[in-house]
Amino acid sequence: MYALDIGRTEKIRSITRNIEKDLVAVSRREDVAQATNLFASAWSEIGKDQKSELQKRYIKDNPNPLGEKHLLKKANANDAYDVVHEKYHPRFRELLEAGAYYDIFIISPEGDIIYSVFKELDYATKLNSGEWKDTDLAKLYKDVMKSGNASDVVFEDYHPYGPSNGAAASFIGKAIVENGQKIGVLAFQMPTQSIADIVHNRTGLGKTGE
């Protein structure tokens, strides 16, 4: 039973290591830096109430049902934000599906969630002053921005997360760097099913092992 326990622990560590490698590789991609700059510029053009406007476009008026909001490639406003979203969303959605991630975020240096694949109620909110400023995602963003080493990877363990209907959520994030400057934070909301399958597999454990 002890060997089984060790084996499952190692499986979880292996998953986490692979996610970290994926995060680092993606954060260094040129198109991710381009997307970050373009989303930030388009965000500023919307005005002061980006949350209301973008949640209306991509959540409230999104024809896809709850849990499938990420299927919408482009809203109907046809402004700079929608154009950028149409170009880059399929790439991030493909990354999310390939890694079985729950969500992928781009967060501005000011703490604005300027992009999210899955489109929950944290989308387009402010992590420095908004309703989710005390969440683990906000803590991760702040720790990444405060770090003196732009290559640092920050991890937040599983805790209940309000925007995901209170379900357990874990985050891993890293700075997006261009010309030596942090231009944003790339954050993954960790996959839950693959880790849950390992943790809740009771085969061979017996009462003591469980």
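In case you missed it, the structure is sitting above this.
Small disclaimer: the values here were computed from a predicted structure and weren't measured.

Here we look at the packing of aromatic side chains
- By the definition in use, this model includes nine aromatic pairs.
- Pairing Phe39 with Tyr81 gives two aromatic rings, centres 5.3 Å apart and planes at 55°, and the pair type is tilted. Here the residue Phe39 occupies a position in helix α2 (residues 30-46), and Tyr81 occupies one in helix α4 (residues 80-99), the gap between them amounting to 42 residues. Like Tyr81, Phe39 is buried.
- Taken together, a centroid distance of 6.3 Å and an interplanar angle of 55° make the contact between Phe105 and Phe171 tilted. Of this pair, Phe105 sits in strand β1 (residues 103-107) while Phe171 sits in strand β4 (residues 168-178), placing them 66 residues apart in sequence.
- Accessibility expressed as a relative area gives 0% for Phe105, which makes it buried.
- The ring centre of Tyr123 lies 5.1 Å from the NZ or CZ of Lys119, which sits over that ring.

Looking at the pattern of salt bridges
- All told, the structure shown has 11 salt bridges when counted by the stated rule.
- Between Asp31 and Arg91 there is a salt bridge; the shortest N-O distance is 3.2 Å. A residue pair is termed long-range when its members are at least 10 positions apart, and Asp31 in helix α2 and Arg91 in helix α4 qualify at 60 residues.
- For Asp31, a relative accessible area of 16% corresponds to the buried category.
- The salt bridge partner of Asp61 is Lys56, with a shortest N-O separation of 2.6 Å.
- Under the relative-accessibility criterion, Asp61 is labelled partly exposed at 43%.
- Taken together, the salt bridges that share partners define one network made up of Glu53, Arg57, Asp79 and Asp82.

Things to note about helix α5 (residues 136-146)
- When α5 is considered as a whole, its buried residues turn out to be Asp136, Leu137, Ala138, Leu140, Tyr141 and Val144.
- Contacts from the buried residues of α5 go to β1, β2 (113-116), β3 (153-160), β4 and β5 (181-189).

Thoughts on the environment of Ile107
- Along the polypeptide, Ile107 turns up in strand β1.
- Taking the C-alpha atoms as reference points, Ile107 and Ala175, 68 residues apart in sequence, are found 9.4 Å from one another.
- If sequence neighbours within four positions are ignored, Ile107 has contacts with Asp112, Ile113, Leu127, Leu137, Tyr141, Gly184, Val185 and Ala187.

Examining helix α3 (residues 50-60)
- For α3, the complete set of buried residues consists of Gln50, Leu54, Gln55, Arg57, Tyr58 and Ile59. With its buried residues spanning 165° around the axis, α3 presents them on a single face.

A closer look at the side chain of Glu120
- Tracing the chain through its elements places Glu120 in the loop between β2 and α5.
- Although Glu120 is buried, it makes no salt bridge; Lys69 carries the closest opposite charge, 11 Å away.
- Once you skip the residues sitting within four places of it in the chain, Glu120 turns out to touch Gln55, Ile59, Tyr102, Pro163 and Ser164.

Thoughts on the pairing of β1
- For β1, the tally of buried residues reaches five of five residues, placing the bulk of the element in the interior.
- Burial along β1 is two-sided: Asp103, Phe105 and Ile107 and Ile104 and Ile106, pointing in opposite directions, are all buried.
- Two elements, β1 and β5, share five bridges in a ladder whose sense is antiparallel. Bridge pairing links Phe105 to Ala187 in β5.
- With three bridges connecting them, β1 and β2 associate as antiparallel partners. Looking across to β2, one finds that Phe105 is bridged to Ser116.
- Linking β1 to β2, which pair antiparallel, is a turn of five residues; within it Gly111 sits at a positive phi near 95°.

Points about the nonpolar core
- Ranked by size, the top nonpolar core spans 34 residues in total, and within it Phe39, Tyr81, Phe92, Ile104, Ile106, Leu186 and Phe188 carry the most contacts.
- Of all the elements in the fold, those that place two or more residues in this core are α1 (2-27), α2, α3, α4, β1, β2, β4 and β5.
- Membership of the second largest hydrophobic core comes to 17 residues, among which are Phe105, Trp132, Tyr141 and Ala187.

Calculation criteria
Residues numbered from 1 in each chain as written. Predicted model: local features only at pLDDT ≥ 70, side-chain atom pairs only at ≥ 80, totals over all residues. Heavy atoms only, no water. Phe/Tyr/Trp six-rings, centres within 6.5 Å; stacked < 30°, edge-to-face > 60°. Helix = DSSP H or I, 4+ residues; strand = E, 2+ residues; numbered from the N terminus. Buried < 20%, exposed > 50% of the residue type's maximum accessible area, 1.4 Å probe, protein only. Lys NZ or Arg CZ within 6 Å of the ring centre and 35° of its normal. Salt bridge = Lys/Arg side-chain N within 4 Å of Asp/Glu carboxyl O. Contact = heavy atoms within 4.5 Å. Arc of directions from axis to C-beta. Lys, Arg positive; Asp, Glu negative; His and termini not counted. Pairing = 2+ DSSP bridges. Core = buried A, V, L, I, M, F, W, Y, C linked by side-chain atoms within 4.5 Å.

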